[in-house]
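Remarks on the overall topology
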Amino acid sequence: MKKYFIYAMLFAASTVAFTACSSDDDDNSTNTTNTNTAAEKEQAMQAITTQYVNNVVFPIYRSLAAQTSELFDLFVEAKAKYRNGTLTQADIDQLCTTFVAARSAWERSESFLYGAATDFGIDPHIDTWPLDRTALAKALSSAEIIEDLDDVEEEGINNARSLVGEQQLGFHGIEFIIFRNGQHRSLAALKGIEDDEAFSGRNITGEQELVFAAAVAGDLRDKCFQLEVSWLGENAPQEHQDRVEECEFPTTVAGGDNSYGVNMLNSTKAGSTFSTWRKVMSTILVAGCSNICAEVSGQKIGQAYLGTDPDYIESPYSQRSYFDFFDNISSVQYSLNGQEGATAHANSIMAYLEKYNATMAADLKAKLNATLQALNTAKAGTPFVVESHSANAKAAMDAIAELDKAINQASSWIAEN
């Protein structure tokens, strides 16, 4: 299963010590300047938080909800077309394209897993690997399970959660159905008998696989709606709010009625779990950015590269592991820059560091760029699942580890200054 590195958050209070040597006008002026700087930093961190929540977290979760909703609808259509003999390769290709878009949105959200995704167990529910193909083959061999999964309007989705098992749910169960060896599954293959070795002798058909995939896509959609509603609250589409309520999923921060977005935006106010703006910065940097860096370097790449678990490879059927890793670090980039894109927004952590500690900002930016470049090189080379112990894998792993160190140094400096 997917493993986590949830780092302890730095709950440093916003304190600044001032020492006066005398009571002359120059010392009073210095004290006033320091006080103004402290107030300025507080205002800057509040603006950073507003920018981050509204222009990083919200858009990505909106995209994820929309893409997974479309993916579910396409699977329902594909199942019907399979049964009436009208399914085409173009239909399968569209499923794959939509899957990749949804997958990218999810991976670009992983620098803020510290919120609803972790609190409600959404990750690993939708993103566990490696896929247990033997258990999946056994499940799809059961006529009773297939019948239960087939009612995708409601019961099938619920049954996917309870009958199939978590290691078959989410993105990677779907990925197995529509991708093989880095290619879109062919229509001919889907119309035949499943030939994966774990399915040997079970005579599993494409229809059974699409029944499973449609139900799992429905479950994936629902959990992504839960993420969206948990952060956006009443700003999420009403249809998504209604579906989450129908599923009886929790969506508010423990101990209150706040959405995760409101909880962060209302930091320092009564009812928020964030007592200081520096606590928010620490959460973004350590519980968010550092956490995913450590996971990508130490687990997503490290497990297979170091031989700890050679089968611990994300997205093996689409062969898009490096694309996942790149999106993960892009998520870090967006969190640091306050928006999707390469340039730091004025209200961003990177801009804050550029103003108050230019040397640290330059180092952090250089290590971020080096990491993205290493992953771009890896994306253009041999897929990770084909060659996990490669120079490209090592370069990416090391670059991410260096980026992680820089992020933690920046968090510590912000907490103390």
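All values derive from a computational prediction rather than experimental measurement.

**Looking at the overall build of the protein**
Secondary structure assignment for the protein yields 17 helices and 2 strands. Taking 2.2 N^0.38 as the reference for a compact globule, 417 residues should give roughly 22 Å; the C-alpha atoms of the protein span a radius of gyration of 24 Å, in line with that estimate. Summarising its shape, the C-alpha atoms of the protein cover approximately 90 × 50 × 30 Å along the three principal directions. Counting only residues that meet the buried cut, the protein has 53% of its 417 residues in that class. The long-range share in the protein, meaning contacts at least 24 apart out of those at least 6 apart in sequence, stands at 76%. Put simply, the protein shows about 16,800 Å² of open surface, and 48% of that area lies on carbon and sulfur atoms. In the protein, the 30 positive side-chain charges and the 57 negative ones have mean positions that sit 3 Å from each other.

**Some words on the pattern of salt bridges**
Enumeration over the complete set of coordinates arrives at 27 salt bridges. With a closest N to O distance of 2.5 Å, arginine 103 and glutamate 314 form a salt bridge. Taken together, the residues arginine 103 in helix α2 (residues 89-107) and glutamate 314 in the loop between α13 (277-305) and α14 (321-337) connect sequence positions 211 residues apart. Accessibility classification places arginine 103 together with glutamate 314 in one group, the buried group.

**Details of helix α16 (residues 358-379)**
Here α16 spans 31 Å end to end across 22 residues, near enough to the 32 Å set by a 1.5 Å rise per residue. Close packing links the buried residues of α16 with α14, α15 (349-356) and α17 (391-416).

**Observations regarding the packing of aromatic side chains**
Within the structure shown, the criterion is met by 16 aromatic pairs. Ring centres 6.5 Å apart and planes at 40° place the aromatic pair tyrosine 61 and tryptophan 231 in the tilted group. With a gap of 170 residues between them, tyrosine 61 in helix α1 (residues 25-84) and tryptophan 231 in helix α10 (residues 206-232) connect regions that are remote in the sequence. Relative to tyrosine 317, the ring of phenylalanine 176 lies with its centre 5.2 Å away and its plane at 75°, an arrangement referred to as edge-to-face. In this pair, phenylalanine 176 sits in helix α8 (residues 170-178) while tyrosine 317 sits in the loop between α13 and α14, placing the two residues 141 residues apart along the sequence.

**Remarks on the packing of α10 against helix α11 (residues 238-247)**
Their axes nearest at 9 Å, the elements α10 and α11 cross at an angle of 110°. Regarding the angle of α10 to α11, the classification is roughly perpendicular. For the pair α10 and α11, the sense of crossing is left-handed. The segment α10 lies against α11, with Arg221, Asp222, Phe225, Gln226, Glu228 and Val229 engaging His240, Gln241, Arg243, Val244 and Cys247.

**As for α2**
For α2, which comprises 19 residues, the first-to-last C-alpha distance of 27 Å matches the rise-based estimate of 27 Å (1.5 Å per residue) to within 8%. Of all the residues in α2, the buried ones are Asp91, Ile92, Leu95, Cys96, Thr98, Phe99, Ala102, Arg103, Ser104, Ala105, Trp106 and Glu107.

**Some thoughts on the side chain of threonine 283**
Here threonine 283 shows up in helix α13. On the basis of relative accessible area, threonine 283 is assigned to the buried category, the value being 1%. Within polar-contact distance, the side chain of threonine 283 engages the backbone oxygen of lysine 279 at 2.9 Å.

What counts, and at which threshold
Residues numbered from 1 in each chain as written. Predicted model: local features only at pLDDT ≥ 70, side-chain atom pairs only at ≥ 80, totals over all residues. Heavy atoms only, no water. Helix = DSSP H or I, 4+ residues; strand = E, 2+ residues; numbered from the N terminus. Rg over C-alpha atoms; globule rule 2.2 N^0.38 Å. Buried < 20%, exposed > 50% of the residue type's maximum accessible area, 1.4 Å probe, protein only. Contact = heavy atoms within 4.5 Å. Areas by Shrake-Rupley, 256 points an atom, 1.4 Å probe, with all protein chains shown as cover. Lys, Arg positive; Asp, Glu negative; His and termini not counted. Charge placed at Lys NZ, Arg CZ, Asp CG, Glu CD. Salt bridge = Lys/Arg side-chain N within 4 Å of Asp/Glu carboxyl O. Expected span 1.5 Å × (residues − 1). Phe/Tyr/Trp six-rings, centres within 6.5 Å; stacked < 30°, edge-to-face > 60°. Axes fitted to C-alpha atoms, helices over the stretch in contact; angles between N-to-C directions. Parallel < 35°, antiparallel > 145°, perpendicular 65-115°, else oblique. Left-handed = near helix turned anticlockwise from the far one by under 90°. Polar contact = N/O pair within 3.5 Å; in protein donor to acceptor, adjacent residues only side chain to side chain.

Function cannot be read off these values alone, since they describe shape.
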